[in-house]
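Examination of the molecular architecture
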Amino acid sequence: MEKEEEGKIPVLDVLISRDDRGHLSFQVYRKPTHTEQYLSFSSHHPLQHKLGVIRTLSDRANTIVSSEEDKQQELNRVRRSLEVCGYQDWSWDTVTRNSVRDENRLPRHNTIASKGNVSIPYVAGVTESLQRLFRSNGISTHVKPQNTLRSLLVAPKDKANKLDKCGVVYQVPCKECTSTYVGESARTLKTRLDEHTRPSSPVGEHSATFQHEIDWEGVRVLDKEENWFKRGVKEAINIRRTNSDLNKDRGRHHLPRSYNRLIASRDSSPNGLGHVTPPTSQ
């Protein structure tokens, strides 16, 4: 339990101060370990998320802080902190302009009936176009980043051997040429790779026909997905993005050509895996 010290006591993010006359004043409370670090403006996040940081911190200052002098000091502190994180003046102007517009906006009736909402991953230059398309058809969109600190840093379990993994999308390379095969399996990767040693499989057929050795040590797990449908989609995406020539088809899921731009934008990023070759007839 927090105790009052020198006439002050913190409650959540509010610092309550009491003067000699018993009057209370309120300020924003920060823990001694606070680093003044917020979402970097250069990070791969939607613009509305970054503007939301400004809006949230500004609203907190205007709502919590009781005196005008302390309120201005709080806003100045927030602005200095966000400048370090890369926020420029135009982003503040945009938030201010949007706030004024929202206050003066008259209620209006939507001509398009709502058809529900959808959550989509954020890919710069692609997600914005999808949002406009969904909005024009009465579908609300919620955008979420693909990578989070939790997904990058938190690993509560020991890393499993790749051959023991289930529900994977994988790539098998040839050791003596550039040919590759992309597949998926709900079973362990080891079980599926054992099947590829048979002459009847595309990998085994390639090895027997050209007398090439398969690089079993170089097998890669491209993705992991337990859901059968989603795994099929990811298999089709990876077949298209890697142009795996040992595959006899484009995967069990038919991937529309509209995915080409999305796949290409991902492959042009620093984390991309390669060039996307437009498919031939499906």
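Refer to the structure presented above.
An account of the accompanying structure is given in this report. (Residues numbered from 1 in each chain as written. Predicted model: local features only at pLDDT ≥ 70, side-chain atom pairs only at ≥ 80, totals over all residues. Heavy atoms only, no water.)

1. Remarks on a nonpolar patch on the surface
Definition in use: Each patch is built from salt-bridge-free residues with over 30% relative accessible area, joining like charges within 9 Å and nonpolar side chains (Val, Leu, Ile, Met, Phe, Trp, Tyr) within 5 Å. Working definition of accessibility: Shrake-Rupley area with a 1.4 Å probe, residue cover restricted to the visible protein chains. Each reported salt bridge corresponds to a side-chain nitrogen of Lys or Arg within 4 Å of a carboxyl oxygen of Asp or Glu. Put simply, DSSP marks the helices as runs of H or I at least four residues long and the strands as runs of E at least two long, and each gets a number from the N terminus on. Only protein chains enter the accessibility calculation, which uses a 1.4 Å probe. A residue is then buried if its area is under 20% of the maximum for its type, exposed if over 50%, and partly exposed in between.
Residues Leu149, Leu152, Leu153 and Val154 make up a contiguous nonpolar surface patch of roughly 450 Å² in combined accessible area. Topologically, Leu152 is positioned in helix α5 (residues 149-153). The exposure class assigned to Leu152 is exposed, which follows from its relative accessible area of 59%.

2. Describing the environment of Asp158
With respect to the helices and strands, the residue Asp158 is situated in the loop between α5 and β6 (168-173). Sequence spacing of Asp158 and Arg231 is 73 residues, and the spatial spacing of their C-alpha atoms is 23 Å.

3. Focus: the side chain of His206
Under the convention used in this document: The contact criterion used is simple: two residues touch if any of their non-hydrogen atoms lie within 4.5 Å.
Locating His206 in the fold gives a position in helix α7 (residues 202-210). Sequence-distant contacts of His206, that is, excluding residues within four places in its chain, are made with Cys174, Cys177, Ser179, Gln211, His212, Ile214 and Leu246.

4. A few points about the nonpolar core
What counts is decided by this rule: By nonpolar core is meant a set of buried Ala, Val, Leu, Ile, Met, Phe, Trp, Tyr and Cys residues that side-chain atoms within 4.5 Å join together.
Counting residues in hydrophobic clusters, the biggest one holds 12 residues: Tyr38, Phe41, Leu51, Val53, Ile54, Leu57, Val78, Leu82, Cys85, Tyr87, Trp92 and Val95. When contributions to this core are tallied by element, the ones reaching two or more residues are α1 (47-64), α2 (68-84) and α3 (89-104). Element by element, the count of residues in this core is highest for α1, at 4 residues. Among residues more than four places away in sequence, those in contact with Ile54 are Leu82, Tyr87, Ser91, Trp92 and Val95. Counting residues in hydrophobic clusters, the runner-up holds 10 residues, among them Tyr170, Leu189, Leu193 and Val219.

5. Some details on the packing of α1 against α3
Stated formally: A fitted line through C-alpha atoms serves as each axis, taken over the contacting stretch for helices, and the angle formed by two N-to-C directions is quoted from 0 to 180°. Roughly parallel refers to an angle under 35 degrees, roughly antiparallel to one over 145, roughly perpendicular to one between 65 and 115, and oblique to any angle outside these ranges. Three classes are used: nonpolar for Ala, Val, Leu, Ile, Met, Phe, Trp, Tyr, Cys and Pro, charged for Asp, Glu, Lys and Arg, and polar for all others, with Gly counted as polar.
One way to put it is that α1 packs onto α3 with a least axis distance of 10 Å and a crossing angle of 75 degrees. By the angle between their directions, the pair α1 and α3 is classed as roughly perpendicular. Facing Leu47, Leu51, Ile54, Arg55 and Ser58 of α1, the residues of α3 in contact are Trp90, Ser91, Trp92, Thr94 and Val95. A per-class count over the contact of α1 with α3 returns 6 nonpolar, 3 polar and 1 charged.

6. Some details on the sheet that holds strand β3 (residues 24-28)
Defined as follows: Between any two strands, pairing holds if DSSP finds at least two bridges.
Pairing in this open sheet of 3 strands is antiparallel, and the strands run β1-β2-β3 from one edge to the other. In this open sheet, the two strands that pair with only one neighbour each are β1 (8-11) and β3. Strand-to-strand twist of the sheet, defined as the mean angle between neighbouring strand axes without regard to direction, takes the value 25 degrees. Bridge count for strand β2 (residues 14-18) against β3 is 5 bridges, and the pairing is antiparallel. Pairing of Val14 across the sheet is with Val28, part of β3. Of the strands in this sheet, β2 and β3 are in contact with α1, which crosses β3 at around 175 degrees.

7. Some thoughts on the packing of α1 against α2
Under the convention used in this document: What makes a crossing left-handed is the near helix being turned counterclockwise from the far one by less than a right angle; a clockwise turn instead makes it right-handed.
At a minimum axis separation of 9 Å, α1 and α2 run at an interaxial angle of 160 degrees. Between α1 and α2, the angle is such that the two are roughly antiparallel. Helix-helix and strand crossings are classified by hand; for α1 and α2 the assignment is right-handed. Between α1 and α2, the residues in contact are Val53, Ile54, Leu57, Ser58, Arg60, Ala61 and Asn62 and Lys71, Glu74, Leu75, Val78 and Leu82, respectively.

8. A short note on the pattern of salt bridges
Within the structure shown, the criterion is met by 16 salt bridges. Across the pair Arg252 and Glu184 runs a salt bridge whose closest N-O atoms are separated by 2.9 Å. One end of the pair, Arg252, is in the loop between α8 (228-242) and α9 (259-267); the other, Glu184, is in strand β7 (residues 180-185), and 68 residues separate them in sequence. The partner of Lys224 in a salt bridge is Glu226, and the shortest N-O contact between them spans 2.9 Å.

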